[in-house]
Amino acid sequence: MAWVTAVVLVAILQYVVLGMMVGVARGRYQVYAPATTGHPTFERLFRVHQNSLEMLIAFIPCVWLYGWWVSQTWATALGVVFLVARIIYAVQYIREPRSRQLGAGLSFLVVMILVLGDLYGVARVVLTR
Amino acid sequence: MAWVTAVVLVAILQYVVLGMMVGVARGRYQVYAPATTGHPTFERLFRVHQNSLEMLIAFIPCVWLYGWWVSQTWATALGVVFLVARIIYAVQYIREPRSRQLGAGLSFLVVMILVLGDLYGVARVVLTR
Amino acid sequence: MAWVTAVVLVAILQYVVLGMMVGVARGRYQVYAPATTGHPTFERLFRVHQNSLEMLIAFIPCVWLYGWWVSQTWATALGVVFLVARIIYAVQYIREPRSRQLGAGLSFLVVMILVLGDLYGVARVVLTR
């Protein structure tokens with residue numbers, strides 16, 4: 001499962017770097033804690049980071065289970081699509097939130113394939129016992 | 001651990017569907033990213049989704065560990081209670097936020113039983129070595 | 001991996017207790033759902049809880065992988081530093097958000113060491129096959 005785990009770790013690294021950017025943006029745009037609004041660029045970065053968190057809670061367990069139950073190769077391939085989608089999402093959202101559709105749609109599609117694939121995998125195990 | 005994993009996957013599916021509903025509500029109630037406020041129904045859906053995320057970070061690792069250390073049957077049963085509690089929570093919160101107590105309390109209770117059961121399980125392993 | 005798991009469970013317990021405190025603060029400071037702003041003390045507690053969630057999504061998988069690939073002893077030691085850092089963070093943030101630097105920096109540092117150590121661990125496995 002090393003390749004699948006490598007993808008998970010790169011996704012977490014992307015997310016942690018986004019978190020650092022939010023911290024730096026607090027100072028630069030003078031949005032002092034606990035506020036999360038006050039400057040449009042800060043708000044975009046903050047939402048990109050939050051959305052990445054929202055995706056990771058589903059992506060991390062599901063990509064591992066997909067590697068376990070369906071295919072390590074496909075789990076890795078879908079994971080790489082997810083990593084690219086998250087970069088597209090972040091870059092486009094920060095430039096113009098309305099243009100986030102491609103990155104958002106692609107990362108959502110990957111998570112959906114993983115969840116449904118895993119549910120199929122677990123159903124097969126449970127039902128054939 | 002297939003049944004416990006099935007419960008985890010259904011919980012993630014519920015959460016991903018809620019995320020889709022938040023996305024659709026952005027358009028319907030004209031709450032454009034990066035805003036997260038502006039229409040009461042959108043705000044309720046958004047908070048239900050966020051609260052589900054807040055619960056999943058504790059529920060997912062804890063229900064697996066409970067299956068591992070305490071009992072797979074009990075982990076599955078508590079997990080099913082959690083799934084039902086999350087549906088009650090979502091339906092009632094969207095109708096009227098003040099009525100969310102039952103669903104919120106029940107999902108919180110399940111997470112507490114899981115965390116404390118796991119801590120007891122791990123303490124027994126660590127202390128009897 | 002019992003000690004590493006014990007650290008993960010205490011981190012989740014800290015987080016769940018913070019969640020309870022946010023719930024109690026809603027009543028005390030009259031910040032009714034779905035609002036997340038309205039009283040400075042509530043806003044601080046709410047952000048401390050959210051930030052803990054933001055850290056846990058990286059901390060939980062990474063500390064386990066660190067125990068698995070690098071060293072259980074170091075994973076446990078770094079995990080204990082994280083637990084202490086989260087308490088410092090919560091106490092100082094609630095007192096005065098500007099003083100959160102020590103707790104925030106320390107917990108961020110631990111997560112960074114874990115992510116980079118895991119990436120090194122997984123790279124070694126993948127490349128030496």
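Everything below is about the structure shown above.
Below you will find a few notes about this structure.

Comments concerning the overall build of chain A
Then step 1. The helix and strand inventory of chain A stands at 4 helices and 0 strands.
Then step 2. The burial tally for chain A puts 54% of its 129 residues in the buried class.
Then step 3. Counting contacts in chain A only where the partners sit at least 6 residues apart, residues at least 24 apart contribute 69% of the total.
Then step 4. Split by element, the accessible area of chain A, about 5,800 Å² in all, is 67% carbon and sulfur.
Then step 5. Charged side chains in chain A number 10 positive and 4 negative. The centres of these two groups are separated by 3 Å.

A short note on the pattern of salt bridges
Then step 1. This model, assessed by the stated rule, comprises 6 salt bridges over all chains.
Then step 2. Across the pair A:Glu96 and A:Arg98 runs a salt bridge, and its minimum N-O distance is 3.3 Å.
Then step 3. With relative accessibility at 29%, the residue A:Glu96 sits in the partly exposed group.
Then step 4. Of the charged contacts in the structure, one is a salt bridge between C:Arg47 and C:Glu54, with a shortest N-O distance of 3.4 Å. Residues C:Arg47 and C:Glu54 agree in their burial class; the two are buried.

Here's the deal with helix α3 (residues 72–95) of chain C
All names here are of chain C.
Then step 1. The end-to-end C-alpha separation of α3 is 35 Å, in line with the 34 Å expected for 24 residues at 1.5 Å each.
Then step 2. Buried within α3 are the following residues: Ala75, Thr76, Leu78, Gly79, Phe82, Leu83, Ala85, Arg86, Tyr89, Ala90 and Tyr93.
Then step 3. Of the surrounding elements, those touching the buried residues of α3 are α1 (2–28), α2 (40–69) and α4 (101–127).
Then step 4. The N-terminus of α3 is capped by Ser71, whose side-chain oxygen sits 3.3 Å from the backbone nitrogen of Thr73.

Let's talk about the relation of the copies chain B and chain A
Then step 1. For these two chains of identical sequence, chain B goes onto chain A by a turn of 120 degrees and a shift of 0.0 Å along the axis, with RMSD 0.0 Å. Such a combination of rotation and displacement between the chain copies is what one expects of a three-fold axis. For chain B, the residue whose C-alpha comes nearest the rotation axis is B:Ile57, separated from it by 4.0 Å.
Then step 2. Comparing interface residues between copies, only 13% of those in chain B also lie at the interface in chain A; the contact surfaces differ.

Observations concerning the interface of chain B and chain A
Then step 1. Every contact between the two is made by 23 residues of chain B and, on the other side, 26 residues of chain A.
Then step 2. Of the roughly 2,000 Å² buried between chain B and chain A, counting both surfaces, carbon and sulfur atoms make up 81%.
Then step 3. A per-residue breakdown of the area chain B buries against chain A is headed by B:Ala2, B:Leu9 and B:Pro34, which together make up 27% of the total.
Then step 4. The tally of links from chain B across to chain A stands at 2 residue pairs in polar contact (both at pLDDT 80 or more).
Then step 5. Elements that contribute at least two residues to the side of chain B that touches chain A include exactly α1 (2–28) and α2 (40–69) of chain B.

What counts and what doesn't
- Residues numbered from 1 in each chain as written.
- Chains lettered and ligands numbered in written order.
- Predicted model: local features only at pLDDT ≥ 70, side-chain atom pairs only at ≥ 80, totals over all residues.
- Heavy atoms only, no water.
- Helix = DSSP H or I, 4+ residues; strand = E, 2+ residues; numbered from the N terminus.
- Buried < 20%, exposed > 50% of the residue type's maximum accessible area, 1.4 Å probe, protein only.
- Contact = heavy atoms within 4.5 Å.
- Areas by Shrake-Rupley, 256 points an atom, 1.4 Å probe, with all protein chains shown as cover.
- Lys, Arg positive; Asp, Glu negative; His and termini not counted.
- Charge placed at Lys NZ, Arg CZ, Asp CG, Glu CD.
- Salt bridge = Lys/Arg side-chain N within 4 Å of Asp/Glu carboxyl O.
- Expected span 1.5 Å × (residues − 1).
- Polar contact = N/O pair within 3.5 Å; in protein donor to acceptor, adjacent residues only side chain to side chain.
- Least-squares fit on C-alpha atoms with pLDDT ≥ 70 in both.
- Buried area = accessible area lost by both parts, 1.4 Å probe.

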